[in-house]
Amino acid sequence: MWIGWIEFDILLGDVQSLKEKRSVIRPLIAEVKRRFDVSVAEVGDHSQYRRTQLGVGLVAADRAHLVEVLAAVERFVAARPEFELLSARRRDLHSED
């Protein structure tokens, strides 16, 4: 069993409040979940309205599938015009590590 995750550090565009931040982040989280069948959560920068950190996790039977899905999620997030992807950190582990 392979366990993988990717953490995104995101700078949001023209957002002036936490309410506006939620209106940008919630649809992104929902679309990533729907499109890639992964777990997604806002994992940092909760009180800053122009920054957020998202975590995406996946469990897979083989590493190739895990890497393929996480790379597709990264491309999808990076292509969104409403914010700037500052960094993405990816990690994968085998259950016996």
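The structure displayed is predicted, hence computed values, not measured ones.

A. Local environment of a nonpolar patch on the surface. A cluster of nonpolar residues, Met1, Ile3 and Val59, forms a patch on the protein surface that exposes about 260 Å² of accessible area. Mapped onto the elements, Ile3 comes out in strand β1 (residues 2-12).

B. A look at the sheet that holds strand β3 (residues 51-60). Taking strand neighbours across the sheet as the criterion, the four strands line up as β2-β3-β1-β4 in an open arrangement whose pairing is antiparallel. Because the sheet does not close on itself, it has two edges, and the strands there are β2 (39-44) and β4 (83-94). Ignoring strand direction, the axes of neighbouring strands in this sheet form an average angle of 20°. Where β2 meets β3, five bridges bridge the pair, whose relative direction is antiparallel. Residue pairing for β3: Ser39 is matched across the bridge by Gly57. Seen against the sheet, helix α1 (residues 18-36) touches β1, β2, β3 and β4 and runs at an angle of roughly 15° to β3. Seen against the sheet, helix α2 (residues 63-78) touches β1, β3 and β4 and runs at an angle of roughly 10° to β1.

C. Representation of the packing of α1 against α2 within the structure. Close contact between α1 and α2 brings their axes to 11 Å; oriented N to C, the two are set at 145°. Crossing angle aside, the handedness with which α1 passes α2 is right-handed. Seen from α1, the contacting residues are Leu28, Glu31, Val32, Arg35 and Phe36; seen from α2, they are Val69, Ala72, Val73, Phe76 and Val77. Of the residues assigned to the contact of α1 with α2, the class counts are eight nonpolar, no polar and two charged.

D. Geometry of the nonpolar core. Val32 and Val56 are the most contacted members of the largest nonpolar core, which totals 26 residues. Ranked by residue count, the leading element in this core is α2, at seven residues. Apart from residues lying up to four places away in sequence, Val32 is in contact with Asp37, Val38, Val40, Val56, Val73, Phe76 and Val77.

E. Structural context of the packing of aromatic side chains. For the coordinates displayed, the defined rule picks out one aromatic pair. Ring geometry for Phe36 and Phe76: centres 5.8 Å apart, planes at 65°, overall edge-to-face. Pair noted here: Phe36 is in helix α1 and Phe76 is in helix α2, with a separation of 40 residues, a long-range link. No difference in accessibility class separates Phe36 from Phe76, as the two residues are buried. Note that Arg63 overlies the ring of Trp2, its terminal NZ or CZ placed 6.0 Å from the centroid.

What counts and how
- Residues numbered from 1 in each chain as written.
- Predicted model: local features only at pLDDT ≥ 70, side-chain atom pairs only at ≥ 80, totals over all residues.
- Heavy atoms only, no water.
- Patch = residues over 30% accessible without salt bridge, like charges linked within 9 Å, V, L, I, M, F, W, Y side chains within 5 Å.
- Areas by Shrake-Rupley, 256 points an atom, 1.4 Å probe, with all protein chains shown as cover.
- Salt bridge = Lys/Arg side-chain N within 4 Å of Asp/Glu carboxyl O.
- Helix = DSSP H or I, 4+ residues; strand = E, 2+ residues; numbered from the N terminus.
- Pairing = 2+ DSSP bridges.
- Axes fitted to C-alpha atoms, helices over the stretch in contact; angles between N-to-C directions.
- Contact = heavy atoms within 4.5 Å.
- Left-handed = near helix turned anticlockwise from the far one by under 90°.
- Nonpolar A, V, L, I, M, F, W, Y, C, P; charged D, E, K, R; others polar.
- Core = buried A, V, L, I, M, F, W, Y, C linked by side-chain atoms within 4.5 Å.
- Buried < 20%, exposed > 50% of the residue type's maximum accessible area, 1.4 Å probe, protein only.
- Phe/Tyr/Trp six-rings, centres within 6.5 Å; stacked < 30°, edge-to-face > 60°.
- Lys NZ or Arg CZ within 6 Å of the ring centre and 35° of its normal.

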